[in-house]
Amino acid sequence: MDTPTDTVPDASDDERLAPATREFLVREQGLLIDGRRVPAADGRTLPVHDPATGRRIATVACASAADVDLAVRAARRAFEGDWARTTTPERSRAMWRLAELCEAHHRTFRELEILDNGMPWNLGEMMAPLAAEFLRYYGGWPTKIEGRTIPASPMGRRPGETLTYTLREPIGVVGAITPWNSPLAMAVLKLAPALAAGCTLVLKPAELTPLSALLLGDLALEAGIPPGVFNVVPGFGEDAGAALAAHEGVDKIAFTGSTEVGRAIVRAAAGNLKKVSLELGGKSPVVVFADADLQAVIPAATFAAFFLQGQNCMAGTRLFVHERVHDAVVEGIVAFTRTLPVGPGLDPRNVFGPLISREQRERVLGYVQTGRAQGATLALGGRALDAPGWFAEPTIFTGTRPDMSIVREEIFGPVLCVQRFGDGDLASVARAANETIYGLSGSVWTRDVSVAHRMVRLIDAGQVSVNCHAAVDPSIPFGGNRQSGWGREMGEEALDLYLKSKAVTVAL
Ligand code: NAI
Ligand code: MG
């Protein structure tokens, strides 16, 4: 829906932006299919807004099922053609060239991410280097994806009469569906391991944040990745996304987003039983014991909760603090949060930006209302900011209980819920931390190595950190237990999502 501020001149006249960024914003942004930028078959477009101002910054073509079909066909041709003929060292070099191009365009990526998603400057600044690291890490894999020889004796054959080995082959055409919270990172997280495995892709970025994925697609061509290997089709979830998830020509869907849509993806994938990996929601616990280094805990727990305004799946939104240090930790976090400069990411001083949309802010403020109504104590924040854009205050609730909806549900906004615990056994602390349908990440804060490692075993999550929260690196597997998802992205394990093994036996 267009907002009244749409009539304000677009960001292409903003002197703070690099000329290349301004040029990108005013350009006609077609879909990227088979190496060419093309309008949508039905001519539809999608307005793109800056959440820090509410104004329109760009317009991109909006894909529907017909465009998705063309993109899937192009990806299939590339999978069977140019990409299949590319040697593994060539695949590596193309990915490394793309890494270099990401770095060369780091300023434009930073500005696009800030304008499109609303992320603070310092996060925007990290994104192109992060993308490059993923492409370099996975660019090293094509030459190292190996099968095995197996000393089998099928049908009672004697040793030496048969040779059995496995091939690890690319799974085929991948449909990638990504959310708006870190658009470039989310795209690369799927692109890099899929390319390393020899797959081709159709990426449908979130309708709210399509820009950086389109630039990445342009750069992939410039890097020498053949046309059709990486197609980008911005569009709406219920339309382009649903068409991709159901498409018979797609062999695998890699999805990041809400748990609810994750379930819809699984249903849509049932038609041809395509493989599915899911990176879904979280409600991660941060558990602080009485002996923890509070100087470290206070800033880290603050950023765990408010990183990207809490709009990230790893957000440490449930803080469990031992009663002996509870008040000191809460006071420390409240005081530290008050010092965080809030405002548009284009100003490098700001570290806390807007929420992604008006709807998202309403959703978050609705949870704040519910939290108060259900008896939680508001220690900080809780209001929208009286400024342009979709800003909301960082919010801290104390005295929260496991049955409150603010504690049970993923809010995906800057709302931290604090609970206290006493001197019970570790199992009961872990039970409280695990009292959620999610299991993505969590952290434990203590100087006692025994407590730390016992808690690591007790917490049900794909990632548990000790004295830090949410370790992100291309080499570290990442993914969720329970309703946080299926599979592990990142690290060597992510390659398994894009490969299938073939067992071969030769009678000699
Ligand atoms: P969403 O799950 O609806 O969107 C994620 C992606 O899925 C987007 O590209 C969207 O277009 C696509 N999509 C939506 N419906 C689809 C369908 N039926 N078939 C195929 N693709 C579809 O997330 P949304 O609406 O942006 O945010 C809603 C809530 O989801 C957030 O408030 C948050 O709680 C959660 N969320 C969690 C994320 C995570 O990383 N864990 C990321 C984004 C949202
Ligand atoms: Mg949605």
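Okay, so let's go over this structure. On a predicted model such as this, the values are computed, not experimentally measured, just so you know.

What counts and what doesn't
Residues numbered from 1 in each chain as written. Chains lettered and ligands numbered in written order. Predicted model: local features only at pLDDT ≥ 70, side-chain atom pairs only at ≥ 80, totals over all residues. Heavy atoms only, no water. Patch = residues over 30% accessible without salt bridge, like charges linked within 9 Å, V, L, I, M, F, W, Y side chains within 5 Å. Areas by Shrake-Rupley, 256 points an atom, 1.4 Å probe, with all protein chains shown as cover. Salt bridge = Lys/Arg side-chain N within 4 Å of Asp/Glu carboxyl O. Helix = DSSP H or I, 4+ residues; strand = E, 2+ residues; numbered from the N terminus. Buried < 20%, exposed > 50% of the residue type's maximum accessible area, 1.4 Å probe, protein only. Near = heavy atom within 4 Å. Polar contact = N/O pair within 3.5 Å; in protein donor to acceptor, adjacent residues only side chain to side chain. Axes fitted to C-alpha atoms, helices over the stretch in contact; angles between N-to-C directions. Parallel < 35°, antiparallel > 145°, perpendicular 65-115°, else oblique. Contact = heavy atoms within 4.5 Å. Pairing = 2+ DSSP bridges.

Before going further, it helps to examine a nonpolar patch on the surface. Taken together, the side chains of L163, V506 and L508 present a nonpolar region at the surface, about 260 Å² in accessible area. Structurally, L163 can be placed in strand β6 (residues 162-170). Using a relative accessible area of 36% as the deciding quantity, one classes L163 as partly exposed.

Attention now moves to the site of ligand 1. Taken together, the neighbourhood of ligand 1 is formed by 24 residues, with T178, W180, E207, S258 and L280 sitting nearest. Between ligand 1 and K204, the relevant distance is 2.9 Å, taken from an oxygen atom to a side-chain nitrogen or oxygen of the residue. One nitrogen or oxygen atom from the side chain of E207 is found 2.5 Å from an oxygen atom belonging to ligand 1. In the complex, 86% of the free accessible area of ligand 1, which totals 800 Å², lies under the protein chains.

Further remarks concern the packing of helix α4 (residues 88-104) against helix α6 (residues 121-139). At their nearest, the axes of α4 and α6 sit 8 Å apart, and the two run at 170 degrees to each other. What the angle tells us is that α4 and α6 run roughly antiparallel. On the side of α4, the interface is formed by S92, M95, W96, L98, A99, E100, C102 and E103, while α6 contributes A128, A131, A132, L135, R136, Y138 and G139.

Turning our attention to the sheet that holds strand β20 (residues 499-507). Read across the sheet, three strands follow the order β5-β6-β20 without closing on themselves; strand pairing throughout is antiparallel. Pairing within the sheet leaves two strands with one partner each, and these edge strands are β5 (149-150) and β20. In terms of strand pairing, β5 meets β6 through two bridges, oriented antiparallel. By the bridge assignment for β6, I150 is matched with T164.

Purely geometric numbers; function is a separate question.
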